[in-house]
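Fold and geometry: a report
Listed here are the chains, written in short residue letters.
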Amino acid sequence: MTPPRRSVRAGIAAALTAAAAGAPAAPPSPRFAGDVAALTAAPHRLTGTPEGRAAAEHIERRLREIGAEWVVVQPFPTVRAETRRCEIRLADGAARALWPMRPNGLMLPVTPPGGLRGRLVRVGAGEAADFAEREVRGAIVVMDFNGSEGWLRAFRLGALAVIFTPAARVECATAYHLDTQFNLPRFYYDGPAEDLPDGAEATLESEIVWRPAVGRNIVAFFRGADPVFNQNREEALVLSADYDSYGAVPERSPGARGAANAAALLRLASAVRARPPRRHVLAVFFDAQWNAQEGASNFYLAFENGHDTASVAARRKSLDAERRFLDAMRAALDEPQPLATASPVQRALQKRVEDAAAAGAFDIGDRMADLRRERLALRARLGALPPADAPPEIVARIEEIGRELDERLQPVKDRWNSLRRALSRDRFENLAPDVEEKLREAYAAVRAGVERRSAELDVEAARLAADEELQVRLQIRGRDPAEKTTPYWIALHLALLLGDSTDRWGLVIGGDSYFRHADDNPGLYGRVQNVFLRAYRDLEAAGRAPEGFETATADQTLTNTRILFSGLGGLRHGGEPAGAFGFFNLALGTVQEAAGREGTPFDTADRLDAGRIERQADAIGGLLLAFASLDVEQPSAAEAAAAAAAAGVADQAGLSLRRGIVGGKEYAWSRFERDTATGPSVMGMLPGSSVPNTPMPGAMVFFMNRNPSSLTFNAAKPLNGSMFRILRADENGNYRIGPVSYTHLTLPTIYSV
């Protein structure tokens, strides 16, 4: 008889109470503690930074020490925010470093040239009563981090900016950003609030830019002992953990909980190496998960073998074609008279030179328009004043602008326009010297663009080489394209989502990511749950039941296992993109883990109960591998026999299931063919054009592939990153999206700046 739902919830609550009242936690093993310490040695592990690279190198080194059969580092292009300047200066000249808060959408918290000037107003926790007697309009508000939604109240009341300072409470459930494109300057000061005295005058300056970056997934393979089951092909499990960090203050996000999950996966990888199960095991460490699971999406992109533009073969064809084109472009530009010399790319070169000349003329014209507007404003200030009464500094500036326009800028614009007329008539030689100079500048601009695009293609080539290697290793294709292969069957993707709130853990099926496949329904997982329950019961009968496993998540008395993870900002895990390929996926998560410190500057190793997470990892290893302990490097014959008598999940034949998820994914993908880049792009319109026809390299694109529940503010702190993805247009003005659920790509919300 199935117990009533109320008794199941009461049982979970009782388990939580017992865990809270238990004995002091045992410390982690030296190896586990060492991995956590190495991964939290820096203030963050942001993708594309030296700190993130150091974390990746530690993981790769450890996997090779463990003895993985092979390790592939999978690079991929992404973006990161680069802080060039972020500080506050008081009237006494003292400058104090600030740390920018996460952007609103893709809008970074920046200040105008010269900064923001105002008095400091301290409002403590930022509750309504704290603002009652304070005037904050035009002020820089200083308030406690973890001050609920008081930061929004400050901006509603007219504050110029908000600076957060550390508070006694380290648990946080509030978001400090918007999901819409609006710049609200927010910063974090990693020092006492007393350093920012109430009433002091201050100037705040922040310069932050989006930059291209390279993310790095690390994929390790451990061969199984007998990997063929009911599908008559070799099968594999995917175990994953995220290793990058992110949060409300990205550059102060140590991410200890995430580091402990990566350490847990290293511990499981070591156990798999010592005690190979029947199935192969892929241990995957994802980077750039902050950006709507970008690392996991790029990992599964390597499995794409049929799409006409996004498959590995199609991407190779596009890359090779564009590299040949750029080589031909370089050869043409090396000629004394590039446009007067026949070449296979002559037409494309002429178009790029014409675009460079138009951009040169537009840039000068834009500067001239700014100066004319300034001159008009100055003349308006003079009004009807007699010349004798006009302020001399205004008169001098008006005259200076006139000279700048007439003597310097207009002649330059005329030369650019003369070049444009010559190019339209196919005149490339015997030009006037000053026009010839502009032609050389246009050639230089084209060459610089070629080199920038070549650098982008180097990153794409590294990604493609890794994807091709993964396809060969996973038998998706042979090294010889004509070779016939049988791909490994991915039986299940298990993502680690462990915390230190309790010792209990279970299966968490589902997820809230907008990148989760629409047909990846938790109702399809009954047979997968039965496999875990069967393995647990077998181990229980043998006296080796894994500690802390919440059986209600496997025997289906808890119909919605999603509720086990209690973080208010939504559940996201690295397995979700697998559903688009038809692969079953779930998280192994701590019961009622709220991740209160997640994404804050306080998620540090010294505040983490790493021993509790390690014990959960050991219990997970016991359920997967059927061994009582993961500490024994080489099991005895008796231990191996006992493990064989009670099959762990990795050895269960019942996991060899036909695809229950009707997969389906789509791509908005660019490609290069016939000397032209095609696909989704950001285009601008220069003056005189009737349609957008100018590529906008470096434009930032905000992509959310479902209509959000709120267009502005979601009060709950998001975990593990963002619900949206931030992309950057390449040198051709193109960007790429996918894989995403085919039912959602038709509903994009895209902004570019």
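Residues numbered from 1 in each chain as written. Predicted model: local features only at pLDDT ≥ 70, side-chain atom pairs only at ≥ 80, totals over all residues. Heavy atoms only, no water.

Considering only enclosed or pocket space, the largest pocket measures out at about 1100 Å³ in volume. As for the largest pocket, its lining consists of 37 residues, and the residues nearest its centre are Arg352, Asp355, Pro695, Glu731 and Asn732. Contributions of two or more residues to the lining of the largest pocket are made by α8 (312–333), α9 (346–382), α11 (433–473), β16 (676–678) and β18 (694–695). Counting residues per element, the lining of the largest pocket draws most heavily on α9, at 10 residues. Of the residues contributing to the lining of the largest pocket, the split by class is 17 nonpolar, 9 polar and 11 charged. Empty space within the second largest pocket amounts to approximately 690 Å³. (1 Å grid on protein atoms, 1.4 Å probe; cavity = no way out; pocket = protein on both sides within 12 Å on 5 of 7 lines; lining within 4 Å. Points joined across faces, edges and corners; volume = space filled by probe spheres on them. Helix = DSSP H or I, 4+ residues; strand = E, 2+ residues; numbered from the N terminus. Nonpolar A, V, L, I, M, F, W, Y, C, P; charged D, E, K, R; others polar.)

A word on the confidence of the model for the chain. Confidence in the prediction of the chain, expressed as mean pLDDT, is 90, and 91% of residues score 70 or more. Here residues 1–6 is modelled with pLDDT under 50, and outside its nearest four sequence neighbours on either side it reaches 5 contacts, counting other chains as well. Under a pLDDT of 50 for its full length, residues 19–23 has, in the predicted model, 3 contacts with residues more than four places off or in other chains. (pLDDT = per-residue confidence, 0-100. Contact = heavy atoms within 4.5 Å.)

Right, let's talk about the packing of aromatic side chains for a bit. Enumeration over the complete set of coordinates arrives at 23 aromatic pairs. Relative to Phe303, the ring of Phe299 lies with its centre 5.4 Å away and its plane at 70°, an arrangement referred to as edge-to-face. The burial state of Phe299 is the same as that of Phe303; both residues are buried. These aromatic residues form a ring-pair network of at least three members: Phe286, Phe299, Tyr300, Phe303, Phe581 and Phe583. Sitting above the plane of the Phe229 ring, Arg278 keeps its charged end 3.9 Å from the centroid. Here Arg279 stacks its cationic end above the ring of Phe229, 3.9 Å away from the centre of that ring. (Phe/Tyr/Trp six-rings, centres within 6.5 Å; stacked < 30°, edge-to-face > 60°. Buried < 20%, exposed > 50% of the residue type's maximum accessible area, 1.4 Å probe, protein only. Lys NZ or Arg CZ within 6 Å of the ring centre and 35° of its normal.)

Per the counting criterion, the structure on display carries 4 cavities of 30 Å³ or more. Size it by volume and the second largest cavity reaches roughly 50 Å³. Looking at the second largest cavity, the residues that line it are Leu237, Leu239, Leu268, Val272, Val281, Gly621, Leu624, Leu625 and Ala650. At the level of elements, β9 (235–242), α6 (256–274) and α13 (610–625) are the ones that each hand at least two residues to the lining of the second largest cavity. Here the lining of the second largest cavity is composed, by residue class, of 8 nonpolar, 1 polar and no charged.

Okay, the pairing of strand β4 (residues 116–122) next. Looking at chain direction, β4 and strand β8 (residues 201–222) are connected through 4 bridges and run antiparallel. Bridge pairing links Gly118 to Ala202 in β8. (Pairing = 2+ DSSP bridges.)

Turning our attention to the pairing of strand β11 (residues 489–497). β11 sits mainly inside the fold: 9 of its 9 residues count as buried. Summarising the sheet, β9 and β11 pair through 6 bridges and their orientation is parallel. By the bridge assignment for β11, Ala236 is matched with Ile490. Sheet topology note: the β11/strand β13 (residues 585–590) ladder contains 5 bridges and is parallel. Bridging across to β13, Leu494 finds its partner in Leu586.

Structurally, Ser690 can be placed in the loop between β17 (683–684) and β18. Residue Ser690 is classed as exposed on the basis of its relative accessible area of 70%. For the pair formed by Ser690 and Gly93, sequence separation is 597 residues and the distance between their alpha carbons is 51 Å.

Let us look at α13. Spanning 16 residues, α13 covers 22 Å between terminal C-alpha atoms, matching the ideal 22 Å at 1.5 Å per step. With respect to burial, α13 is a largely interior element, 14 of its 16 residues being buried. (Expected span 1.5 Å × (residues − 1).)

Covalent bonding between the sulfur atoms of two cysteines is what defines a disulfide. The final tally for this structure, using the stated rule, is 0 disulfides. No disulfide involves Cys86; its nearest neighbouring cysteine sulfur is the one of Cys172, lying 19 Å away. The exposure class assigned to Cys86 is buried, which follows from its relative accessible area of 10%. A residue is classified by how much of its surface remains accessible, and Cys172, at 7% relative accessible area, is buried. (Disulfide = S-S within 2.5 Å.)

Moving on to unusual backbone geometry. Excluding glycine, residues mostly carry a negative phi; peptide bonds, for their part, are mostly trans. In this model, Gly738 is joined to Pro739 through a cis peptide bond whose omega is 5°. Structurally, Pro739 is set in strand β21 (residues 737–741). Even without glycine at this site, Ala292 takes up a positive phi of about 55°. Structurally, the position occupied by Ala292 is in the loop between β10 (280–286) and α7 (294–301). Relative accessible area serves as the criterion here: at 2%, Ala292 is assigned to the buried category. Of note in the backbone geometry, Asp426 takes a positive phi value of approximately 60° without being a glycine.

For Arg273, the location among the structural elements is in helix α6. A C-alpha to C-alpha distance of 46 Å links Arg273 and Pro697, two positions 424 residues apart in sequence. Those residues in contact with Arg273 that sit more than four places away from it in its chain are Ile66, Gly67 and Phe222. Only 2.8 Å separates the side chain of Arg273 from the backbone oxygen of Gly67, close enough to count as a polar contact. (Polar contact = N/O pair within 3.5 Å; in protein donor to acceptor, adjacent residues only side chain to side chain.)

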